[in-house]
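Chain and residue survey
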Amino acid sequence: MLAGLTTVAFAQNRTVTGKVTGSDDGLPLVQVTIQLKGTFEGTPTNQDGEYRLEVPASGGTLVFSYLGYVDQEIKLVPNQSVYNVIMVPDATSLGEVVVTGVAAATPVKKLPFTVSSVGEKVIKQVPATDAGSALAGKIAGVRVQPSNVPGAGPQIQIRGASTLSGNNSPLIVLDGVLIEGSLSDINLQDIERYEVLKGASAATLFGSRAANGVIQLFSKRGDKIAPGSTQFLLRTEYGNESVYKSRNIEKARYHPFLIDPATGDFQLDNTGTAQDDPDLISDNEFPRYRDHINDLFTGSTFFTQYMRLSTRGATGNLAVSAEYQDRTGGVDFYDGNQRYNITVQSDQYIGEKLKLSSSLRFIQDEQDNVTPSIRTLTIADPSADFFAPNEEDGSPFNYNANRFSPTSEFNPFYILTNNRNERTRKRFIGSVNVKYDIVEGLTAEGRFGMDTWQDYSRQFQDIGYLANQGVPGTGSLSRGYSDFTAITSSFRLTYVTKIQDWNLRSNAFFQYEDRGGEAFSANGTNLGLAAFDRFNNVTLSPNDGLPFLGASATEENQVVANNFSLSVGGDYQDKYLFDIVVRRDGNSLFGRDNRWQTFARFSAGWRITEDFEIDGIQEAKLTGSWGQAGGLPGFFDRFERAPVINGVIQNPTVLENPLLGPNVTDELEIGLNVDFLDKFKFIASYSEQANRDQILTIPLSAVTGRSSQQQNAGTLETNTLEFTLGYDAIQKNDMNLSFNLIFDRTRAEITEFNRPRFQVGARNIWDLGNRPTEMFGRKIARSLDDLTVLPDGTVANVPGGLTPSDFKINRDGIVIVAADEFTTNEAAVYLTDEAGVQLDDILIGDAQANFNMALTTSFDYKNFSVFMLWEYQNGGDTYYQGGQWLARDRLHPIFNQGDFPEGQRKANTYLATIYNTNRTTDFWVEDATHLRLRELAVNYDLGGDQLAKIGMDKVFKNVRLSVVGRNLFLSSDYPGYDPASGGITTRTDNFAYPLVRSFNGSIALTF
């Protein structure tokens, strides 16, 4: 009987609990792995450092493991159920490690160049809508401009532009795969951390594709949970998206049109256009005043559903996740974007030496491409009734309700509801990696990766479409298909060893790249049946009996590359650091006689505090790095090109360049890292880049028989100063407060330009000494000193032989002819040459900010946490072209002449000279200084103890409740929707999608 009871007792389990803290600061340690020795049973600590684990009643040994701390083993004894553990920091540990751009995994404290990282702790606070936007405001020197359009990816630029004519986006690597498509498809909640190489001095290992820097993303793989455990996460986020109404555009309150006494509305001509009042002055109040932006952006729901299953055994781990996201950007009847992600990550150990890993990501992205015309809504007649029916057919949304431009600026509501324009993308990103430990320290690794997608597009416009220059449409449809595949395969040998006082890491690497794609589209017009979206609905032409069909050419562009590299890095006595890289790239995009290019990096560092003890300073490191990276030419740049017309090859216009190579960036970086007063971390760097061999279109002499050739023919020099300051203000058992401040300042200048000056777009001029961010155009005279006075004392700016005394500065601060003030002859005077021709190449603005800053704040009190991200831009200009369009239609606030007494009202003819027929003019350059609250999250976690009180600890491991806000606040004197509109290098605001603010709630359940 006693023996039987003993057997039962040993078979039963009991529960042990406890708390794990660090001996260095007494704070709880989160995600410490506690494992029952010799079994797969284990659990991690929660955010309070607490754990709960079932163990055999017979006892056993618990093993406590945590990065940077010494492992501890605790033997279980009978009649004790609480085991509080104090873990001791490992004096030999150097903390966080990075793997991007180095020969082998390297502690951050031993890096002789800058690699920045963002971890899960920051990422999960406010999960961004895509993996690219999550970096906004997180890393110094990295400019991220998220898009407000649902489904559109952000613009990302690191340390300014490296190329004048090419793409300035960084190379993206996801789980070892070189990504060719957009990050907007990637679900952020699958990402564990980012590592960012900011310039050529760090990115040399990626060769001719890394001049713009490198961003590598690492997915969650299930390897961070306790061995022998399984975890399931279910997260739901739901909320509202709406336009930031306090940023709505100010428009004129008065108009210059005749009012029909019978209707009290505008008097119209036979085209439906409002007729001008003969006095040509905007001093009449509108009969009605509607805010069309608020009519469109009535608010819409935002929804994300995410789930992830993670499991870890003795020989491997697995993470499977799925996500659905639905965004419409604040417009209720706009379909916006719907995204589906399924991800499978796995690692399998076969024996003690072989590891097999795979990463599989399946994506479907559905986009409504009939985006609302914000520009048309903004510049429309404020009294227009866009919801009135059409007189022609009784359909809703009167297509020509805008009486200011009824034949061109059509009703956006009508366009949205009467056009079908859809794009569906199916994408697969995957890799398989095999790693074999040959002998101690020597590892062989092979990887095969693929990024492939297919886009399917569909458009339809029915018969009788009215917004068609006054002629009802005959109907049209189209279908499009594109297919792109990028394959990378690589082999790597890595050797890590220690020889006396030398720690050495070396790597030999080969990579093969093959990428290309094709596209095809077909279209038809003159449909026979209404509401029938099929190609067999296309009618035949009465002229030749053929259907009204067209098709675009199929295009296939294949790029092949072979890349080799050798890297050696390490340190001497843990304090003198070095790194050397040589990479050799062969690429089919280079000219046929210049297929191979070599890139190199030399880096060194000194951990000062390993040689000297400095009061109050825990770690100090000085680094210097020089490195090279490149940017690829375009696919057609190296070829001779000739147009084909009606099946006949015409005379070539572009000359082949067999010597064309990449643009090359040589970067020198100096860095300083200091940890001090046990609370502060300071990281500073200064870099200078010579972006040489710019790929430019060079005009040729007529004797060559060609008009131009692509050549390596310029240098863009860039320098960047950046720093990061982290401050752990409070570190207590139940409360933590930390701040992280980043700062960067970038300047760029063209220092070599081997071609005549060249105007790019409407506002930029490339020339020696110019900046790629500068704006050039015409300038209104604001001082009498701006007048061009000829030798005879007359002024060249206006005809008539006037002298400076005939001019004055009016109340708008603009130089005019004094006698013309308050008449229809009044006009703004522009800067001219001596012939009286307006100068159109005057420097009028610069999109480059004086500096950028961002501040993140993290506060934790027991189970409650708050996270905030503020961004600040000082200086920099945006060209307010939307405001110029308002002036075209006499809706800019400068047309508010009803506020002035009779006799002091400006005629529209004068104000039209400020509009200046949409020419680039300094009047429309605006300061883009702004402060914004980009992210705010308030979270509350229910951990094991809290769940136990309500009897849910057997169901859930953790429950997180969150309130999340994005784009909550923007302070700026800028008159448009968003001072950051346009681009990063050149900023032109043409009333794109306005700033969208979202308020969401989320619940995350961990089982």
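The name given to the protein chain in an unreviewed UniProt entry is TonB-dependent receptor plug domain-containing protein, with Roseivirga misakiensis as the source organism. Per UniProt, the protein chain has the following entry under Sequence similarities (unreviewed entry): "Belongs to the TonB-dependent receptor family." As recorded by UniProt, the Subcellular location (unreviewed entry) comment attached to the protein chain reads in full: "Cell outer membrane".

Here we look at the overall build of the protein chain
When helices and strands are counted, the protein chain shows 9 helices and 56 strands. The globule rule puts the C-alpha radius of gyration for 1007 residues at 30 Å, and the 33 Å found for the protein chain is close to it. By the burial criterion, 51% of the 1007 residues in the protein chain qualify as buried. When contacts within the protein chain are restricted to residue pairs at least 6 apart in sequence, long-range pairs at least 24 apart make up 69% of them. Accessible surface for the protein chain amounts to roughly 42,900 Å². Of this, 55% is attributable to carbon and sulfur atoms. With 89 positive and 121 negative side-chain charges, the protein chain shows a separation of 6 Å between the mean positions of the two kinds.

Structural notes on the nonpolar core
Ile293, Leu296, Phe297, Phe386, Tyr414, Leu886 and Phe991 are the most contacted members of the largest nonpolar core, which has 38 residues in total. For this core, the secondary-structure elements that each account for two or more residues are helix H4 (292–296), helix H5 (374–379), helix H6 (412–417) and helix H7 (881–888). In contact with Phe386, not counting residues within four places along its chain, are His292, Leu377, Ala380, Phe397, Asn398, Ala401, Asn402, Asn411, Pro412 and Phe413. Val177, Ile191, Tyr194 and Ile363 belong to the second largest nonpolar core, which has 26 residues in total.

Side note on a nonpolar patch on the surface
The grouping of Ile580, Val582, Phe602, Leu622, Trp626, Leu668, Ile670 and Leu672 at the surface amounts to a nonpolar patch, some 650 Å² of accessible area in total. Mapped by element, the contributors of at least two residues to the nonpolar patch are strand S32 (576–587), strand S34 (617–631) and strand S38 (663–676). No other element matches S38, which puts 3 residues into the nonpolar patch.

Focus: the domain arrangement of the protein chain
Here the domain parsing of the protein chain yields domain 1 (13–87), domain 2 (98–219) and domain 3 (255–288). Look at where the C-alpha atoms of domain 2 and domain 3 centre, and you get two points 55 Å apart.

Some remarks on the pattern of salt bridges
Within the structure shown, the criterion is met by 67 salt bridges. For Arg905, the salt bridge identified is with Asp283, shortest N-O distance 2.9 Å. Within this pair, whereas Arg905 is found in the loop between H7 and helix H8 (908–915), its partner Asp283 is found in the loop between strand S20 (265–266) and strand S21 (284–285), the two being separated by 622 residues in sequence. For Asp283, a relative accessible area of 17% puts it in the buried group. Through salt bridges that share partners, Arg159, Lys198, Glu667, Glu669 and Glu722 make up one connected network.

Focus: the side chain of Thr720
Topologically, Thr720 is positioned in strand S42 (residues 714–731). By relative accessible area, Thr720 is classed as buried at 1%. Polar contacts involving the side chain of Thr720 include one to the side chain of Thr746, which spans 3.1 Å. Ignoring sequence-local partners within four residues, the contact set of Thr720 consists of Arg159, Ser685, Tyr686, Ser687, Arg745 and Thr746.

Overview of H7
In terms of burial, H7 is largely enclosed, as 7 of its 8 residues are buried. All of the buried residues along H7 are Gln881, Gly882, Gly883, Gln884, Trp885, Leu886 and Ala887. For H7, the secondary structure elements touched by its buried residues are H5, strand S52 (877–879) and H8. In the segment just after H7, Arg890 is the residue with positive phi, at about 60 degrees.

Describing H8
All buried positions along H8 are accounted for by Asn908, Tyr910, Leu911, Ile914 and Tyr915. An end-on view of H8 places all buried positions within 155 degrees of arc, on one side of the element. Along its buried surface, H8 packs onto strand S48 (815–817) and H7.

Some details on the UniProt feature "domain: TonB-dependent receptor plug" (unreviewed entry) in the protein chain
The feature "domain: TonB-dependent receptor plug" (unreviewed entry), as annotated in UniProt, sits at residues 108–214 in this numbering. Overall, residues 108–214 shows 7% helix and 25% strand. The separation of its end C-alpha atoms is 17 Å.

Details of the environment of Ser738
On the secondary structure map, Ser738 appears in strand S43 (residues 735–753). For the pair Ser738 and Thr857, spaced 119 residues apart in sequence, the C-alpha to C-alpha distance is 5.9 Å. Leave out the neighbours within four places in its chain, and Ser738 touches Tyr727, Asp728, Ala729, Thr856, Thr857 and Ser858.

Some remarks on the sheet that holds strand S41 (residues 708–712)
Here we have 3 strands laid out as an open sheet, ordered S37-S41-S40, and mixed in their pairing. The two strands at the open ends of the sheet, each matched to only one other strand, are strand S37 (654–655) and strand S40 (695–699). Relative to S41, S40 is paired through 5 bridges, and the arrangement is antiparallel. In the sheet register, Thr697 faces S41, and the bridge partner there is Gln710.

With respect to the environment of Trp924
Relative to the assigned elements, Trp924 resides in the loop between H8 and strand S53 (925–927). Separated by 10 residues in the primary sequence, Trp924 and Ile914 have C-alpha atoms spaced 9.0 Å apart. In contact with Trp924, other than residues within four places in its own chain, are Thr878, Tyr879, Tyr880, Gly883, Gln884, Ala887, His892, Ile914 and Tyr915. For Trp924, the side chain forms a polar contact with the main-chain oxygen of Ile914, separated by 3.2 Å.

About the cut-offs
- Residues numbered from 1 in each chain as written.
- Predicted model: local features only at pLDDT ≥ 70, side-chain atom pairs only at ≥ 80, totals over all residues.
- Heavy atoms only, no water.
- UniProt positions renumbered as here; feature names shortened; annotations may be inferred.
- Helix = DSSP H or I, 4+ residues; strand = E, 2+ residues; numbered from the N terminus.
- Rg over C-alpha atoms; globule rule 2.2 N^0.38 Å.
- Buried < 20%, exposed > 50% of the residue type's maximum accessible area, 1.4 Å probe, protein only.
- Contact = heavy atoms within 4.5 Å.
- Areas by Shrake-Rupley, 256 points an atom, 1.4 Å probe, with all protein chains shown as cover.
- Lys, Arg positive; Asp, Glu negative; His and termini not counted.
- Charge placed at Lys NZ, Arg CZ, Asp CG, Glu CD.
- Core = buried A, V, L, I, M, F, W, Y, C linked by side-chain atoms within 4.5 Å.
- Patch = residues over 30% accessible without salt bridge, like charges linked within 9 Å, V, L, I, M, F, W, Y side chains within 5 Å.
- Salt bridge = Lys/Arg side-chain N within 4 Å of Asp/Glu carboxyl O.
- Domains from an automatic or database assignment.
- Polar contact = N/O pair within 3.5 Å; in protein donor to acceptor, adjacent residues only side chain to side chain.
- Arc of directions from axis to C-beta.
- Pairing = 2+ DSSP bridges.

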